[in-house]
Structure formats: C-alpha cells, structure tokens
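# Coordinate analysis (summary)
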Amino acid sequence: MASNATTVGHACPSPMKATSNGIFQGDSPIDFALPLASLQICVVIILTRGLAFLLRPLRQPRVIAEIIGGILLGPSALGRSKRFLEVMFPPKSQTVLDTLANIGLIFFMFLVGLELDIKSLRRTGKKALSIAVAGISVPFMLGIGSSFILRESISKGVNGAAFLVFMGVALSITAFPVLARILAELKLLTTDIGRMAMSAAAVNDVTAWILLALAIALSGSSHSPLAPFWVFLCGCVFVICSRLIVPPIFKLMAQRCHEGEPVDETYICATLTVVLAAGFITDVIGIHAMFGAFVVGVLIPKEGPFAGALVEKVEDLVSGIFLPLYFVSSGLKTNVATIKGLQSWGLLGLVTFTACFGKIVGTAVVSLACKVPKKEAFALGFLMNTKGLVELIVLNIGKDRKVLNDQVFAIMVLMALFTTFITTPLVLAIYKPARRARAADYKHRTIERKNSKSQLRILACFHSTRNIPSMINLFEASRGVQKSEGLCVYALHLMELSERPSAILMVRKARKNGLPFWNKGIRSGADRIVVAFEAFQQLSHVSVRPMTSISSMSDMHEDICTSADSKRAAIIILPFHKHERLDGTLETTRSDFRWVNKRVLEHAPCSVGILIDRGLGGTTHVSASNVSYNITVLFFGGRDDREALAYGARMAEHPGIRLTVIRFLVEPDTAGGITTVDMVENPNTTLRSMDEEALSDVKLNVLSQDDSIKYEEKFVRSATETIATIRESSRCNLMLVGRMPDGEVAVALNRSGDCPELGPVGSLLTTSDFSTASVLVIQQYSGQDSLNLVSEMEENSAGMDSEAN
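Summary of the structure given here. Note that the structure is a prediction, hence the values are computed from the model and not measured.

## Points about helix H25 (residues 639-651)
- The terminal C-alpha atoms of H25 lie 19 Å apart, and with 13 residues this matches the ideal 18 Å at 1.5 Å per residue to within 8%.
- When you tally the buried positions in H25, you get 11 out of 13 residues, the bulk of the element.
- Buried within H25 are the following residues: Asp640, Asp641, Arg642, Glu643, Ala644, Leu645, Ala646, Tyr647, Gly648, Arg650 and Met651.

## Concerning the packing of helix H7 (residues 126-153) against helix H10 (residues 192-218)
- At a closest axis distance of 8 Å, the pairing of H7 and H10 adopts a crossing angle of 45°. Relative to H10, the element H7 lies oblique. Between H7 and H10 the crossing geometry is right-handed. Across the interface between the two elements, Lys127, Ala128, Leu129, Ile131, Ala132, Gly135, Ile136 and Phe140 from H7 touch Met196, Ser199, Ala200, Val203, Asn204, Thr207 and Leu211 from H10.
- Here the contact of H7 with H10 is built from residues that sort into 10 nonpolar, four polar and one charged.

## Some thoughts on the packing of aromatic side chains
- For the structure shown, the criterion picks out five aromatic pairs.
- Geometrically, the ring pair formed by phenylalanine 250 and phenylalanine 306 is tilted, given 6.2 Å between the ring centres and 35° between the ring planes. Remark: phenylalanine 306 occurs in helix H14 (residues 305-333) and phenylalanine 250 occurs in helix H11 (residues 227-255); sequence separation between them is 56 residues.
- On the accessibility criterion, phenylalanine 250 (2% relative accessible area) is buried.

## A look at the side chain of serine 563
- Assignment of secondary structure puts serine 563 in helix H23 (residues 556-566).
- Here the side chain of serine 563 touches aspartate 559 through a polar contact of 2.7 Å, landing on its backbone oxygen.

## Observations concerning the side chain of glutamine 780
- Structurally, glutamine 780 is set in the loop between strand S13 (774-779) and helix H30 (790-795).
- The exposure class of glutamine 780 is buried, given its relative accessible area of 8%.
- Within the local environment of glutamine 780, its side chain forms a polar contact with the side chain of glutamate 448, the two groups lying 2.7 Å apart.

## What about unusual backbone geometry?
- For lysine 402, which is not glycine, the phi dihedral falls at a positive 65°.
- For lysine 402, the position within the fold is in the loop between helix H17 (389-400) and helix H18 (406-421).
- Taking the relative accessible area as the measure of exposure, lysine 402 reaches 69% and is therefore exposed.

Rules behind the numbers
Residues numbered from 1 in each chain as written. Predicted model: local features only at pLDDT ≥ 70, side-chain atom pairs only at ≥ 80, totals over all residues. Heavy atoms only, no water. Helix = DSSP H or I, 4+ residues; strand = E, 2+ residues; numbered from the N terminus. Expected span 1.5 Å × (residues − 1). Buried < 20%, exposed > 50% of the residue type's maximum accessible area, 1.4 Å probe, protein only. Axes fitted to C-alpha atoms, helices over the stretch in contact; angles between N-to-C directions. Parallel < 35°, antiparallel > 145°, perpendicular 65-115°, else oblique. Left-handed = near helix turned anticlockwise from the far one by under 90°. Contact = heavy atoms within 4.5 Å. Nonpolar A, V, L, I, M, F, W, Y, C, P; charged D, E, K, R; others polar. Phe/Tyr/Trp six-rings, centres within 6.5 Å; stacked < 30°, edge-to-face > 60°. Polar contact = N/O pair within 3.5 Å; in protein donor to acceptor, adjacent residues only side chain to side chain.

Dropping the structure here:
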C-alpha cells in the first residue's frame, strides 16, 4: 500500500519527534509526541474523573465512566469533528497512544494476577464451582450460536473458528475486579450471595483467560494449519516453566522483605523487569503480552509485605494514568454510527439479550438447583453478568486481530456497557437484603446500669496504627480489676474502599473472613495491628477481638453501628478527626472522618465516645503494674454526664488510676452571669434527682476513705469562672465529659463551637489552652434517634474547611 501511495504522489506521514523546541522557536507542541501525549492524558483524566463523579450517585463503578469517556472522545461523539481528531488524536499519534495504553494494560493484568489466589480457587465449594461452570458454558454456547447469525449478516469473511471462540468468550466473561467493587458498594461481600459470586467469578476469570489464549492462537494470520497448535503449545510450555521458576525466586525475595522495613528497590525493579520480559516472551509466541504479566502476577506469593509493596508501587500510576488511555484507545475504535438500520440495531438487541439471558438464566437455574433462594439466585445471575475492562480487552484483541469488524466491535462495546450499567440497579430492585436485624434487645446499651459488675463491651474504632497505643492504654484503664465479668473489646479497623487495585486485595481478605471480619487463624507477621492487640490480650487477660471494616466513607457508619449492635456493645469509641501536632495544637487528619463520627452519633445503638488523643500513656502500651493515670470527670448534670461518671467509676477500680470528680454548681448568691432556674416548676427535677443518685455512690466511696476517688464541688458565678476551673482541672492524663450536659452552669457555657459533635465542653477542650490531657466526650444512648446534628454541622461546614487548611 505504501508503494502505491508514493506512486501517486502522496507521502506517508513522517514519524513524530519526541519533544519540541517551543512555540517561540516556531514549533507547534501538538506536532510532537511528548507534549501531545501529555495533553491527551490530561483531557482523558479530567473527562473520566468528571463522569465518575456524576455517576457516583447511581453507585456505578468507575469503569463505566471510563468506557463512556472513551466513547465520547472517539468518532461516536466528539470525534465526529475531524478538526478535533486532527488536533487531539491525529493518526500519527495513534502508535504512541496505543503503546502507552498497552503498557498500562500489561501492568494492570499483573495486578489482576496478584488479586487472584490460586489456593482459594482450590478450596472453591461444589456449589460455587457449579454456578461458575453454568455461568461460563451457557453464555459461551449462546455466543457461538449468535456468532453464526452475525457471520451471515454483518461479519462475513472472518476467520470462522476464531470468531466463534471470541464471541463465546465475550459473552461468557465476568469482570472480577468490577464485580468485587459492586459487591462492596452493595454491602453484599459477606453474604452467601457475595461469597458465591466472588468464588464463581474467580473461576470464570481464569477459564476465560485460557479460552482467550485459545482464541488468539486461532486468530493468527498464518496460512499454516499447524501455527495455532504451536502457539497454544508454546503458551502451555511458558506457563509450566513459569510455574517452576517464578514462585521459588519470588518466595526468596519475599523472605528477605521484613515487615516495617522498606522493600529493597532492587526487588521492585527486578519484578517489573520480569513482568515486561514475560510479556515479551508471550508476544513472541503469538499470544498477547498481557498474558505473560498475568501469569507472573498469579504466581507471586501473596504472603508477607512484598506483594503489598508491589501493588503500592505500581497501582496509582497504572490505574490513574495509563489505564484510562486504554479506554480512549478502545473508544477511538468504537463508532456507534456504524450501527445503523433495523438489522444492525436488531443484532445489537439480539447480542445483548443473548448475553444477559445466558448469564442470568444459566446462573439462576443452577443456583436454584443448588437450593439457593429464588431472589438470591436471580441476583447472583445479574452479578455474574458484570462486564467491564476485561470485556474490552477481549474485544480490542479481536479488533486488532481482524476478527471483529467496526460494526461488530461497536455492538459488543455497547453490550458490555449496558450489561455492567444495569447490574447495580437490577440487584437492588430484585434482591434487597434487609438491614441486619438488631440483636435481641440486650440490656446493656450504656455503661450506666444497675449491675455495675456486669461485663463491659466496647467497640473501639481506629483509622491507622497512630490510634493504637492510646486505644490500648484506654482499654487497660477500662478493665477494672474488681469486675466479676471483666471487659470485652472489639477493635474495629476502619478502611476506606477505593477504586485502587489494593482495595480489591482488601476485599479478597474480607471475603475469606467476613465484613467486618475476624482476624482469626494463622497470621503472618505482616498484620502488626493484630499482633499488637494479641500481645495486649495475653498481658492483660482482656478479651480483644480485632475486626476490619472495608466500606466507602459515605456508609462507613453503617458498618460501625451494625457491628456494635451485633456484638452487643455498650459504647462505641471513635477517634477524633484531628490529631495532635508537636506544638500541641490539633490538625485535621481527614475531614471525612468527622462526618462518619456525626452519623454514628445519630444512629448508634448504644452510647458513643469520641476520643481526642493527646498521647494517653505515651506511644507504647503501659503495663498494668506501671499504670499511673489521673482521670478527671467534669460533671454538670444530665444523661451524658452520668454516663461519663459511670465510665470513670469503672476506671477507678484499676489500682493505678486516681479519679477526680468535679461537680459544677451555681454560686448561691449569684447576681448575674448565670441565671438560676426554678427547679420546682422545671420538668428537669427528675433529672436532677437522677444526678444526685449517680453522685451518691461517688460520695459513699469518698466517705469510706477510698483513696482512688476524689470528689469536689466547684461553685461558679459566670461562664468565665467555669472555663478557668476547667483549665485548672485539665492537668491530668484523661478527662471524661458528657457531650450535652444539663443544668444552669452548662446552659451558660453552651455556646456554638467549631465542633458541635463534641458539645460545648468537648469543643472547649480542643483548644490549645487545654493541650495536656486526652479527652473522651461521651454521649449516652437514649433509645431513640433524637439528635439533630445536621443543621449544626451545616452551619459550621465553612469553619471545617478552614480547619483543614
């Protein structure tokens, strides 16, 4: 073709140079490879992330936005303007774009291989295996059937055998990463349907890659009938050799990587080189380079910190920069305008119906035969019908191999987009798992109770290892050595589910154990959090059960509240969204956690405490014999203050703890500053008597000469005196305060603060004037959702933004 073009006087476009000399030297940057590629990447990222933001309310995975973004940039929408294509995606830039996209694909498939655990596939149950077989075989056969219709109409003259296999694979494949994301969004990971879907999808994934390798082998352009045989045979030899060579080498690397120490850069570089070399070998064989990367990823040992370090080094650059280019590369090949006429649209409907019918009905029928409930069976079918990037990979390879023409390719891309888009709404419509029923009304939803010797159950949440030392020291202070039933702690690690591949690794871990899941069984030294809690449990004889919650920030509070209810917790302890700096001031860690705390306060099934951590006990666990804490309870009156007092009384039983209870009262001769309320006509008279009853036990302990408890009454005449008294009392290790105190003194102090979720006293104690003590702000469970924090939080949202800065 080139020689003919030259004959008629048309020269082929010259290759693009890498960099320009700049516009001041007369060069146009978009005529050079590097500046044009940079511009293309920026446009792609802005468009796809913008679409992802718009689709977030519909709970669609980001892959949907990336597919739509690729189509919009292609000839189906913006690309209909030839001027746009000539400027942004000229033909001479296609090679650079495709090369970058395929490099991203190679490393993405390496990460996909890291996600798959062969050991877990071996343990797949018969039920999940049967569902996987049905979910592959039925749509595969229907895909072959529909391929005959397509070949007779719009796809004449293609390689018959390769076309049959490509169509079968395209209709039968399930996108494992996308499915994991959808299950996590719908809170179905730990249900039976979620576990079966993930297991079946993993089996489906491996089978589909094997079938795709066969399709690629059959799609070669060689006229030799033995060429496909040699391609497939060499591919099998490559897999066998990799199985013998790769695991021992990487196991040796993993053994030399110790937890808490950075992974040697040489190992990371060597791994990435092996991935590229494996891709080169499979490309030489005649199979796509991504297969070599996928095989290496599967064979790398998953134990230890090495696999996590690999993901951390690779994922952000690949999934954030290079992979979206693959969707654009695919979108530039997709021209919806080729689907025209009644026949083409009818074929689109046929392919879509065949794909959905095969997956949904095939999966549902086998699920029903395995005695899965009807709604769950059909929901499982819809979940298994999820497509995504894996589908696009299959279609692009078919397009590059000339097995799929432009019209068939466009039909298949729209089919993949439609089937993935409808998954979430259909599952929600058909299978609405009722919110986990509350545990039978258990008595102790508060710390304040008649039987003070009953077991105390705490659900303590933390975001990172930074929160652990103070949490453990708080557990030590809470255990109360005289209690007959002791203390039971559930330590819940809050982890955000993101679009990153490492989130799928977390999902896989949660799928094995439940969500929130128990960290049980044999663990490697990689789980430092679990090791810390186990060491504390052995030293203190306190039952500590580590758990992990993986969810998006918008519904993380649901996991917390559900866990507290199912574990019969009396109090949830949450870390404050700010941490202490070296100068004693508090800076925002992540403002999102503030909203999580606010929602927990609204919906909690028990009492809630927010811990403002200023290094309680230092940065290490203080053993019981060395504990020496001074704890102060500020008592103004009301339900929340009584809960703080009850908690402080429990702590006072520890031999190393000295408790000081400070009660604030109005000076009898107050003429101004604090308005005295007439308690005879006030309905809070009952509350006043309850306060007196709660304080009576403290006074009895003082009268019995209990050195561990000290009781003081402070008479104040104004809010200024109250603040001064609080400042004097802050020279301790921990302060316990109620979130919404009652009484005349509290009313005078009740002013709007920057942190309404902490209440007036808690907000006051976050200022730099009170920088010596940690603070636990407690809200007692009231039995009803009577809180109205939304308006307060909205009023202070502007202040929150300024705090973050």
